Structure formats: C-alpha cells, structure tokens
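# Analysis of the macromolecular model
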Amino acid sequence: MGAGRFSRGDPVKKLFAVLMFALFLALPAQAARVRMSAPEKAEIGQPFYVELRSSEPVSGVSVTWRGQKYSFVPHDNAVRTVLGIPNSAKLVGQSLPVTVEFTFGGKPYRIVRKVKAASHSYPRQVLKVAPKMVNPPKSEQARIAAERKLVAAALATRTAGGVLPRPKDFVRPVDGIPTAKFGGFRVYNGTPRAGHGGLDLRAAVGTPVKAMCDGTVVLTGFHYFSGGAVYVDHGGGVFSVYFHLSKILVKKGQKVSAGDVLALSGATGRVTGPHLHLGINAGSAWLDALPLLGEAKIAPGVEKVYELK
Ligand SMILES: [Zn+2]
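Since the model is a prediction, treat every value here as computed from it, not as a measurement. Sequence order sets the numbering: in each chain, residues are counted from 1 along the sequence as written. Restriction of local features to residues with pLDDT of at least 70 applies here, the model being predicted, together with a cutoff of 80 or more for giving and counting side-chain atom pairs; totals for whole chains, interfaces and linings are based on all residues.

## Observations concerning the overall build of the protein chain
Under the scheme used here, helices are H or I runs from DSSP no shorter than 4 residues and strands are E runs no shorter than 2 residues, and both carry numbers assigned from the N terminus. Tallying secondary structure elements over the protein chain gives two helices and 22 strands in all. Computation of the radius of gyration draws on C-alpha atoms, with the globule rule given as 2.2 Å multiplied by the number of residues to the power 0.38. Since a compact globule built from 309 residues should have a radius of gyration of about 19 Å, the 25 Å found for the protein chain marks it as more spread out than a globular shape. A principal-axis box enclosing the C-alpha atoms of the protein chain has dimensions of 95 × 45 × 35 Å. Burial analysis of the protein chain (309 residues in total) assigns 35% to the buried set. Each residue is classed by its C-beta neighbour count within 10 Å, where at least 20 other C-beta atoms makes it buried, 12 or fewer makes it exposed, and intermediate counts make it partly exposed; the C-beta atoms are placed from backbone geometry.

Structure, rendered in structure tokens:
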C-alpha cells in the first residue's frame with residue numbers, strides 16, 4: 001500500500017525536498033538558449049533565411065540588414081524571415097552584417113553575424129517590345145514618376161514579421177514553367193536596361209494568381225510598365241508582387257491567406273506576351289523567387305547557439 005510512505009516527517013521525503021530546493025538555488029534566476037541560423041555566404045540577388053529559436057519567450061525582436069531595421073513578433077518562440085543581397089556585382093566580396101536584437105529577462109541582447117556576398121551569373125536577355133515601352137512618351141513621364149512613388153511607399157511598409165514558410169511550403173502563384181528567370185541583364189529593342197527584377201511564369205490570360213503566403217495587400221493598380229499589379233506585405237520587410245494582370249480581385253488593406261486568388265493573369269504593361277511576373281522584395285532588395293518555390297538551391301544556414309544569462 002505505502003499510504004504513509006511520504007507522510008509528514010518521512011526522512012525520504014525530507015531529503016527529497018532539500019535536494020529539490022538545492023537544485024532550485026543552483027539554477028540561475030533566468031537562463032535561456034537561443035539558436036540563430038544565417039548563411040555565411042550568399043549570392044547576389046538570391047534570397048536566404050535568417051531564423052531565431054529560443055527556449056524561453058523573448059520580445060522586441062528586430063533584424064537589421066543594410067541600414068534597415070525590421071521588427072518581428074515570435075510565434076512559439078521562433079522567427080523565420082528572408083533577406084538577400086541586391087543583384088549588384090559591386091557588392092561581391094563584401095561581408096555584410098545581419099544584426100539580431102531582442103530582450104530577455106529585461107535585458108537587451110544583440111547577435112551579429114556576417115554574410116559574405118558571392119557572385120551569381122545571370123543570363124543576358126534580349127527582348128523586343130513596343131517602342132513606347134523602352135522610351136516612354138513625354139506625356140507618360142508624370143504618370144510613371146507618380147507610380148514609382150506609390151511603389152516606393154508600399155515597399156517602405158514596416159509591419160512586424162513572424163515565421164515565414166520554408167521553401168517547399170510557399171504557394172506557387174500559377175503552375176506555369178519559368179519563361180524568363182530573375183536577374184538577367186535586359187536589352188529591349190537593342191537598348192540596355194536593368195536586370196530582370198522578378199521571375200516570369202507561363203500563364204494564359206485569365207489564369208488565377210494565388211498569394212504565395214499570408215499577408216496584407218499594400219498596393220494595387222494598373223501601372224505603365226508593370227500593368228495590372230498587386231503588392232502583398234508579409235511582414236518584416238518581405239513582399240511578393242504580381243505583374244501584368246488582366247483583372248485584380250483584391251483591395252489595398254485586404255488581408256490575404258496563402259493560396260487566396262489575388263487576380264487573373266494577363267499581358268498588360270511592358271510584356272512580349274501573356275505571363276505572370278513574380279517579384280520578391282526582402283531586406284529592401286529584389287530577389288529571385290525560384291529558391292523560395294523550392295526550385296533552385298538556397299544558401300545553407302549555419303546554426304549557432306547562444307546561452308543567455
Ligand atoms: Zn518579368
């Protein structure tokens with residue numbers, strides 16, 4: 001039976017209580033273990049992940065990258081976001097710091113990691129479009145400038161990030177194969193222009209275009225170069241954009257879930273034919289969407305463990 005085994009005054013129980021109390025005193029008042037993952041090297045124009053996981057709740061999480069600070073609210077003590085080095089050969093060889101800051105037990109903590117910029121060769125793309133799409137008429141200059149401002153304001157939205165999906169978990173906006181990859185230095189009708197800022201996916205006019213992940217619509221419109229365009233904020237300075245749409249089905253300010261139909265694809269703006277242009281803007285840089293769709297390799301993260309006291 002043993003009903004009296006742990007009765008008051010039982011020497012075994014007393015010893016057990018003393019041991020537990022000694023163990024309690026031996027533990028620091030507050031301790032936590034934080035794991036942070038970031039790559040040591042990343043190629044220009046390619047996305048990479050930064051992840052933070054802590055054993056105890058931390059607050060006030062921010063990530064600073066190339067002079068911009070992005071805030072995060074952890075879910076289940078974790079933060080996962082995407083950053084990238086702009087597609088600029090001038091950055092190759094540089095070591096860029098990614099700084100993670102947070103508060104634990106009322107104390108501020110800071111972790112700094114370095115990401116070395118490596119080169120990536122992007123193909124040259126020669127295209128033929130309507131002449132007005134290479135050298136827009138003077139009458140359209142004011143419109144183009146106004147649209148550029150709207151886009152800059154939308155991409156300056158700073159809502160808190162959380163936990164972004166891993167590559168295999170992002171929704172592919174349309175099923176079509178890539179028809180033009182990201183980054184290719186472009187020559188329009190013989191005139192050189194900047195590298196391609198997105199990934200073109202084959203899509204017949206009228207194909208439903210799905211949101212890659214949960215977010216909030218921050219801009220919609222029919223713009224000179226982009227045509228029908230939807231910009232979605234995923235928090236923490238990460239955006240996905242969808243161009244050349246024929247019909248837009250969402251409004252600015254609308255919350256969307258991964259897989260929601262945002263629009264119908266089309267052939268509006270500067271295009272050679274119908275397709276979806278999918279752009280990723282993260283850490284204030286246009287990045288290749290293919291690695292996030294799990295269709296190209298992504299820089300491997302290196303995890304380090306930090307003990308907090
Ligand atoms: Zn494109």
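## A short note on the nonpolar core
One nonpolar core equals one set of buried Ala, Val, Leu, Ile, Met, Phe, Trp, Tyr and Cys residues connected by C-beta atoms within 7 Å. Grouped together as the largest cluster of nonpolar side chains are 64 residues, with contacts concentrated most on Val230, Tyr231, Val232, Tyr242 and Ala289. In this document the domain limits rely on a domain assignment from an automatic tool or a database. Among the domains, domain 1 (32-120 + 297-308) and domain 2 (125-293) are the pair contributing at least three residues each to this core. We call two residues in contact when the distance between their C-beta atoms, placed using the backbone, is within 7 Å. Leaving out residues up to four positions away in the same chain, Val230 has contacts with Val217, Thr220, Val241, Tyr242, Leu245, Ile248, Val250, Leu262 and Ala263.

## So, the sheet that holds strand S3 (residues 47-54)
With respect to topology, four strands assemble into an open sheet ordered S6-S3-S1-S22, the strand pairing being antiparallel. The two strands at the open ends of the sheet, each matched to only one other strand, are strand S6 (78-84) and strand S22 (302-308). Taken pair by pair, the neighbouring strands of this sheet meet at an average axis angle of 15°, ignoring direction. Here a strand pair is declared whenever DSSP counts at least two bridges between the two strands. Inter-axis angles, ranging from 0 to 180 degrees, are taken between N-to-C directions of lines fitted to C-alpha atoms, where helices are fitted over the stretch in contact.

## A word on the sheet that holds strand S5 (residues 68-72)
Paired through their backbone hydrogen bonds, the strands of a sheet run either parallel or antiparallel. Ordered in space as S2-S8-S7-S4-S5, the five strands form an open sheet in which the pairing is mixed. The outermost strands of the open sheet, each flanked by one partner alone, are strand S2 (41-43) and S5. Direction aside, neighbouring strands of the sheet carry axes that sit 30° apart on average. As defined by bridge partners, strand S4 (residues 59-65) adjoins S5 across five bridges and the pair is classed as antiparallel. Looking at the pairing, Val63 lines up with Tyr70 of S5.

## Overview of the domain arrangement of the protein chain
Each domain of the protein chain was delimited in the assignment, giving domain 1 (32-120 + 297-308) and domain 2 (125-293). The C-alpha centroid of domain 2 is placed 25 Å from the C-alpha centroid of domain 1. At the interface, 23 residues of domain 1 touch 23 residues of domain 2. For the side of domain 1 that touches domain 2, the class distribution of residues is 12 nonpolar, eight polar and three charged. Note that Gly is not counted as nonpolar here; it falls among the polar residues with everything else outside the nonpolar set of Ala, Val, Leu, Ile, Met, Phe, Trp, Tyr, Cys and Pro and the charged set of Asp, Glu, Lys and Arg.

## Concerning the confidence of the model for the protein chain
Confidence of the predictor at the level of single residues is captured by pLDDT, which takes values from 0 to 100. Per-residue confidence for the protein chain gives a mean pLDDT of 91; residues scoring 70 or more make up 94%. Confidence over residues 1-6 falls short of pLDDT 50; this stretch has two contacts with residues more than four positions distant or in other chains.

## Notes on unusual backbone geometry
If you check the backbone angles, Asn77 has positive phi at about 60° while not being a glycine. Inspection of the secondary structure puts Asn77 in the loop between S5 and S6. With 14 C-beta atoms packed within 10 Å, Asn77 lands in the partly exposed category. A positive phi is found at His244, a non-glycine position, where the angle reads about 70°. Note that His244 resides in strand S17 (residues 238-248). Judged by the 26 C-beta atoms lying within 10 Å of it, His244 falls in the buried class.

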